[in-house]
Structure formats: structure tokens, C-alpha cells
Amino acid sequence: IFEQRPEDKITLRHLLSHTAGFTHDAPIGNNNDVDAGTWQEHIASISNTWLLFPVGRRYSYDNNGIDLAAHIVELRAGMPFQQYVKTRLLDPLGMAHSSLDLDAIRIMPDRAIGHEAFFRQIPISPIMAAGGIYTSANDMARYLMFYLSLGKANPGAAGETQVLDADLIKTMYEGQFPASAGEGYGL
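About the thresholds
- Position numbers for residues count from 1 along each chain, tracking the sequence in the order it is written.
- Whole-chain, interface and lining totals are the exception, using all residues; otherwise, since this is a predicted model, local features are given only for residues with pLDDT of at least 70 and side-chain atom pairs are given and counted only at 80 or more.
- Side-chain numbers come from the whole structure's heavy atoms, not from hydrogens or water.
- Aromatic pairs are defined between Phe, Tyr and Trp rings, using the six-membered ring for Trp, whenever the two ring centres lie within 6.5 Å; interplanar angles under 30 degrees are classed as stacked, those over 60 as edge-to-face, and all others as tilted.
- Using a 1.4 Å probe on the protein chains alone, a residue whose accessible area is under 20% of its type maximum counts as buried, one over 50% counts as exposed, and one in between counts as partly exposed.
- Any Lys or Arg side-chain nitrogen located within 4 Å of an Asp or Glu carboxyl oxygen qualifies as a salt bridge.
- The way it works is a 1 Å grid over only the protein atoms, where trapped points that fit a 1.4 Å probe form a cavity and open points with protein on both sides within 12 Å along at least five of seven lines form a pocket, and then any residue with an atom within 4 Å of a point lines it.
- Grid points are joined across faces, edges and corners, and a volume is the space filled by probe spheres set on the points.
- To qualify as a helix, a DSSP run of H or I must reach at least 4 residues; to qualify as a strand, a run of E must reach at least 2; elements of each kind are numbered from the N terminus.
- Put simply, Ala, Val, Leu, Ile, Met, Phe, Trp, Tyr, Cys and Pro go in the nonpolar bin, Asp, Glu, Lys and Arg in the charged bin, and everything else, Gly too, in the polar bin.
- For this quantity, the arc is that covered by the directions from the helix axis to the C-beta atoms.
- Two residues form a contact once any of their heavy atoms are found within 4.5 Å.
- By this rule, a helix spans an expected 1.5 Å times one less than how many residues it contains.
- Polar contacts here mean pairs of N or O atoms no more than 3.5 Å apart (in protein, one a potential hydrogen donor and the other a potential acceptor; neighbouring residues in sequence count only if both atoms are side-chain atoms).

Our focus in this paragraph is the packing of aromatic side chains. Counted under the stated rule, the structure contains five aromatic pairs. Pairing Phe 146 with Tyr 147 gives two aromatic rings, centres 5.2 Å apart and planes at 70°, and the pair type is edge-to-face. The pair formed by Phe 146 and Tyr 147 is uniform in burial state, with each residue classed as buried. Among the aromatic residues, those joined into a ring-pair cluster are Tyr 143, Phe 146, Tyr 147 and Tyr 173.

Should their charged atoms come close, side chains of opposite charge can pair. Across all of its chains, the model carries five salt bridges by this definition. One salt bridge in this structure joins Glu 160 and Lys 152, with 3.8 Å as the shortest N-O distance. Residues joined by salt bridges that share partners form a network here, namely Arg 5, Glu 7 and Asp 8.

What follows concerns the layout of surface pockets. Here the largest pocket is characterised by a volume of approximately 1,500 Å³. Leu 16, Phe 81, Tyr 143, Tyr 147 and Met 172 are the residues nearest the centre of the largest pocket, which is lined by 37 residues in total. Where the lining of the largest pocket is concerned, the elements lending two or more residues are α1 (12-16), α3 (63-77), α4 (81-90), α6 (137-148) and α7 (166-173). Examining the composition of the lining of the largest pocket, we find that seven residues originate from one element, α3, more than from any other. Grouping the amino acids of the lining of the largest pocket by side-chain chemistry returns 30 nonpolar, four polar and three charged.

Negative phi characterises most residues that are not glycine, and trans characterises most peptide bonds. Positive phi, normally seen in glycine, also occurs at Arg 5, with a value near 55°. With a phi close to 55°, Leu 150 is a non-glycine residue in the positive phi region. Within the element layout of this structure, Leu 150 appears in the loop between α6 and β1 (152-153). Residue Leu 150 is classed as partly exposed on the basis of its relative accessible area of 30%.

Attention now moves to α4. The set of residues buried in α4 consists of Phe 81, Val 85, Leu 89 and Leu 90. Across the axial projection of α4, the buried residues extend over an arc of 95°, all falling on one side. Summarising the contacts, the buried residues of α4 are in contact with α3 and α6.

On to α3, then. The first and last C-alpha atoms of α3 sit 21 Å apart over 15 residues, in line with the 21 Å expected at 1.5 Å per residue. Three or more residues of α3 are buried, namely Asn 63, Asn 64, Gly 65, Ile 66, Asp 67, Leu 68, Ala 69, Ala 70 and Glu 74. Where the residues of α3 are buried, they touch α1, α2 (39-45) and α4. Measuring from the backbone nitrogen of Asn 64 back to the side-chain oxygen at the start of α3 gives 3.3 Å, which picks out Asp 62 as the cap. Downstream of α3 by one or two residues, Gly 78 has phi in the positive range, about 70°.

Written as C-alpha cells, this is what we have:
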């Protein structure tokens, strides 16, 4: 409603800084879905949403932009997003009790299932990139150390390795557009 072909203006930085203008959730695979659908159905359903404001004009937290960025990673890497994250991040960080793989999560014998008055059993959501990782407290500590050490796995240990360039980590904390920087949000 704001302009013709806004998709031509949206960049990865817009998607990751929540300034693309998307609604919070997609019709399929949102936080309130009883039947969450598949990752592919979720991504396709984002096309059935609308923009709340012109591209780059405002900040509004949305899961759709993050998941679209993950879909772009899939296309560029030539592999499913969950496999890419496992290979490039979880394995190097030693996060053996973490997964974005919906099938693997479903059969985890000790995963937390949560409690919610509206659901007999809380569905496993396909919004992987926007918060669908299942992890342990120890693995989460490894992830936090990765950020605090500016991209290193096993910081301070003999097996310390640089998994992500420190400058990229710093960029994640910087505001990319006035709309998101004003909210204190980076990437």
C-alpha cells in the first residue's frame, strides 16, 4: 500500500534490524498456531502478509524478517538452514545438545515441553531462525561466551578458534538505520 515493489528495496540489513516493515508473524508457523506447519509452508506464507510501514521507515520487531534471512542463507549455502547452523556454528562451539532440526527436536527424550493453557501439548514451531532453537543451559553458556569473546569458540582454552570475525560480531551490535538505532537495536 505504500509503494510499488517494496521487495526491491528490502535488504538483509532491513530483515535483521526489523525495519523491513513486516508484520510480526506469518499466517503459518506463528507463535499461536496449533498446527504449526512446515518450514517451507511457513516461508511461503510470508508472501501472504503485508507491510505495516514503508521499508526502512520504522522499527517493529518481527519474526518474518529473521526467517526470510534464514531462507536466504539456505538458498545461498545450498543446504537446509538447520544443517548450515549446525555445521558452521553449533558444532564448532561444541553445542552438542542444541538443534534447529524439527524432527530431531521432536524425538529428544529430555526436551522441555513448556506449559500453556491453550494447548494440550505445545507445538514445535517452524520459526527456527526467529527463536526455534532447542538448547541446554550449558550450550547456551557456550553461545554467550562466543559472543562475549567476539566470535571465538573455547575462548582462553588451548583449542580456541575464531568461528566468526570479531568485526562482524561488533557490527551486529551497531544500529544500521535510524529507525532501529533509535530503539537500541542492531542486527
